[in-house]
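Coordinate inspection notes
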Amino acid sequence: MLEYIRFIVFAILLLSGLIIQITALIGVSRFRFSLNRIHAAGMGDTLGLMLICLAAIVYTGFDAVTLKIIFIVAFFWLTSPVSGHLIGRLVSEADEQFAAEAEIWKR
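Let me begin by describing the structure that accompanies this report. Remember, predicted model here, so these are calculated numbers, not experimental data.

What follows covers the environment of Phe31. Along the polypeptide, Phe31 turns up in the loop between helix 1 (2-30) and helix 2 (34-60). Of the residues examined, Phe31 reaches a relative accessible area of 37% and is grouped as partly exposed. Placed 67 residues apart in sequence, Phe31 and Phe98 show a C-alpha to C-alpha distance of 15 Å. The residues touching Phe31, leaving out its near neighbours within four places in the chain, are Asn36, Arg37 and Ala40.

Structure, rendered in structure tokens:
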């Protein structure tokens with residue numbers, strides 16, 4: 001009985017992670033503006049990868065592989081926002097049409 005519950009939790013986590021990744025893929029391919037693409041890719045990286053790695057942890061159980069998976073998630077959570085921010089700054093400074101395409105909110 002415990003194996004069935006474990007498999008159901010694994011399947012739910014894996015399918016939800018795949019749905020998030022597919023949604024991010026569609027967002028990256030359909031958005032026209034580069035900053036919107038970065039946002040879609042960043043959301044897919046953080047949430048989708050976390051759910052897929054949690055599914056792997058549930059599937060393998062808690063052992064040495066679990067520690068490696070946690071390190072992978074931590075590495076992606078540290079590097080993804082930094083790389084997204086740097087790419088966004090590069091786009092805002094290098095794109096000549098940035099001011100025309102981006103709507104700047106003033107408060």
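The next point concerns the pattern of salt bridges. A side chain with one charge may pair with a side chain of the opposite charge, provided their charged atoms come close. Scanning all chains against the criterion turns up two salt bridges. Across the pair Arg6 and Glu3 runs a salt bridge whose closest N-O atoms are separated by 3.8 Å. Taken together, the residues span about one helical turn, with Arg6 and Glu3 both in helix 1 at a distance of three residues. On the basis of relative accessibility, which here comes to 30%, the residue Arg6 falls in the partly exposed class. Judged by relative accessible area, Glu3 falls into the exposed class, the value being 54%.

What counts and how
Within each chain, residues carry numbers counting from 1 in the order of the written sequence. At least 70 in pLDDT is required for a residue's local features to be given in this predicted model, at least 80 for side-chain atom pairs to be given and counted, and no such filter applies to totals for whole chains, interfaces and linings, which use all residues. Just so you know, side-chain values use all the structure's heavy atoms and leave hydrogens and water out. A run of H or I in DSSP becomes a helix once it reaches four residues, and a run of E becomes a strand once it reaches two; helices and strands are each numbered from the N terminus. For every residue, the accessible area (1.4 Å probe, protein chains only) is compared with the maximum for its type, and the residue is labelled buried under 20%, exposed over 50%, or partly exposed between those bounds. Any two residues whose heavy atoms approach within 4.5 Å are treated as being in contact. Any carboxyl oxygen of Asp or Glu within 4 Å of a side-chain nitrogen of Lys or Arg constitutes a salt bridge here.

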